[in-house]
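# Examination of the molecular architecture
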Amino acid sequence: MKFLTIIFAGVLLWSCGHSAASQKPSRDTAEIITAADSIADPSRDTVSLTIAFVGDVMMGTTFPDSIHGSHLPPNGGRNLFADADSILRSVDIAGGNLEGSFLNGPGQRRKMRNPKTYYIFRMPPEYVDNLVNAGFDFMGIANNHINDFGHPGRKSTMATLRGAGLPPVGLKGVCETAIIERKGLKIGVTQFGHGANNLDVTNLAELRRVVKELREKADIVVVSFHGGAEGKDQTHVPHRQESFVGENRGNVEAFAHAAVDAGADVVFGHGPHVPRAAELYKDRIIFYSLGNFCTPYRVSIADVSGYAPLAEVRVDGSGRFLDGKIHSFIQQRGIGPRRDRANNAARLMKRLSAEDFPSSPLVISADGRLTR
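Procedures and definitions
- Residues numbered from 1 in each chain as written.
- Predicted model: local features only at pLDDT ≥ 70, side-chain atom pairs only at ≥ 80, totals over all residues.
- Heavy atoms only, no water.
- Helix = DSSP H or I, 4+ residues; strand = E, 2+ residues; numbered from the N terminus.
- Buried < 20%, exposed > 50% of the residue type's maximum accessible area, 1.4 Å probe, protein only.
- Core = buried A, V, L, I, M, F, W, Y, C linked by side-chain atoms within 4.5 Å.
- Contact = heavy atoms within 4.5 Å.
- Axes fitted to C-alpha atoms, helices over the stretch in contact; angles between N-to-C directions.
- Left-handed = near helix turned anticlockwise from the far one by under 90°.
- Nonpolar A, V, L, I, M, F, W, Y, C, P; charged D, E, K, R; others polar.
- Salt bridge = Lys/Arg side-chain N within 4 Å of Asp/Glu carboxyl O.

### Description of unusual backbone geometry
- Although it is not a glycine, Lys 183 sits at a positive phi angle of roughly 55°.
- Mapped onto the elements of the fold, Lys 183 is located in the loop between β9 (177-182) and β10 (185-192).
- With a relative accessible area of 24%, Lys 183 lands in the partly exposed category.
- Residues other than glycine seldom take positive phi values, yet His 273 does so here, at roughly 70°.
- Following the sequence through the fold, His 273 ends up in the loop between β14 (266-270) and β15 (278-281).

In structure tokens, the structure reads:
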């Protein structure tokens, strides 16, 4: 029977038992397991795994200094995930995309074509505690903003995440994949993106290599990707290659299907800064964009850009989709994602999924429930 594989990158393995009703294990007592350890073989007929994903996370920025006030949230950002942490803590594993660097100091600031926009992000390293306390287990860093402060920014970000017990994934040849253990299952995670130093969302051969390597070590593979054009008018999956500011941002449908064909069990995307459709492909779930989740400053959160879905899915012991839910949040400037009782994100993704993937067996209800 097929082993499960979850792609999001790095080659760490955390030996931590977890039951659906219990609190996640402390990272302080996590045991590092080598790749040579034997793969667990629990009964695939009874085991299931719950996984939660969000899109872009940028908890405020210390750059640029501004006479107009701080770009950091109150209380050190400790309230940013107050409405979402109960979900993130309850699942077996949770991850997201980290937009920007954890860094103190100037680093090697990326040059901007238009310096007035200042779309570069630098977070205080101590803000990593907000991710840990919210319930995240790993973070993808394969995106354009990991390079905002050059090598010092990348190095500091990786060290900060690792020091907090959150394996970073997505940098080519550096931290490509990670393996996390839950319920006796080894879950492989990785992330692809665009820009220098990242695993490349446009390189399907590289994707197949990474997935193959993960499947040899893990039971379940999760692949995250940062791709697609940006903007509030980019909610549809165009079924072709996309470009933005002259850069190839990949064919996200071809990428996601290639990931599943190679052995991935869950695929989730981000990058357009808006939600996109979901699809069930060969019994595997794909989210084409989860948009922005926690970007309280210097990122537009107007209209659909402020819709902040949190996707929760349950898969069986062979990685097949069982059910799930799109939890709808909406962002508030300087505050973060807050519950949206109108379920705007779920309703939008329901409509987009029906329009973009009409033959998919995935069913999305108005309140976000996912079934087949």
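### Focus on the nonpolar core
- Met 59, Phe 81 and Leu 131 are the most contacted members of the largest nonpolar core, which has 33 residues in total.
- Those elements that place two or more of their residues in this core are β3 (48-57), α1 (85-90), β4 (93-98), α2 (128-134), α3 (150-163), β17 (292-294) and β18 (307-316).
- Those residues in contact with Leu 131 that sit more than four places away from it in its chain are Val 57, Met 59, Phe 81, Leu 98, Phe 102, Phe 136, Met 139, Leu 161 and Leu 166.

### A few points about the packing of helix α4 (residues 204-215) against helix α5 (residues 252-262)
- As a packed pair, α4 and α5 sit with axes 9 Å apart at the nearest point and diverge in direction by 30°. Handedness of the crossing formed by α4 with α5: right-handed. On α5, the residues that touch Leu 204, Leu 207, Arg 208, Val 211 and Arg 215 of α4 are Ala 254, Phe 255, Ala 258, Ala 259 and Ala 262.
- Tallied by class, the residues present in the contact of α4 with α5 amount to 8 nonpolar, no polar and 2 charged.

### A few points about the pattern of salt bridges
- Applying the stated criterion across every chain yields a total of 17 salt bridges.
- Between Arg 314 and Asp 323 there is a salt bridge, with its nearest N and O atoms 2.7 Å apart.
- Assessed through its relative accessible area of 29%, Arg 314 is described here as partly exposed.
- Here Asp 323 falls in the partly exposed class, since its relative accessible area comes to 25%.
- For Glu 355, the salt bridge is made with Arg 351, and the minimal N-O distance between the two is 3.3 Å. Residue Glu 355 and its partner Arg 351 are both found in helix α6 (residues 344-356); the two are separated by 4 residues, about one turn of the helix.
- Using a relative accessible area of 44% as the deciding quantity, one classes Glu 355 as partly exposed.
- One connected set of salt bridges, linked through shared partners, spans Glu 176, Arg 209 and Glu 213.

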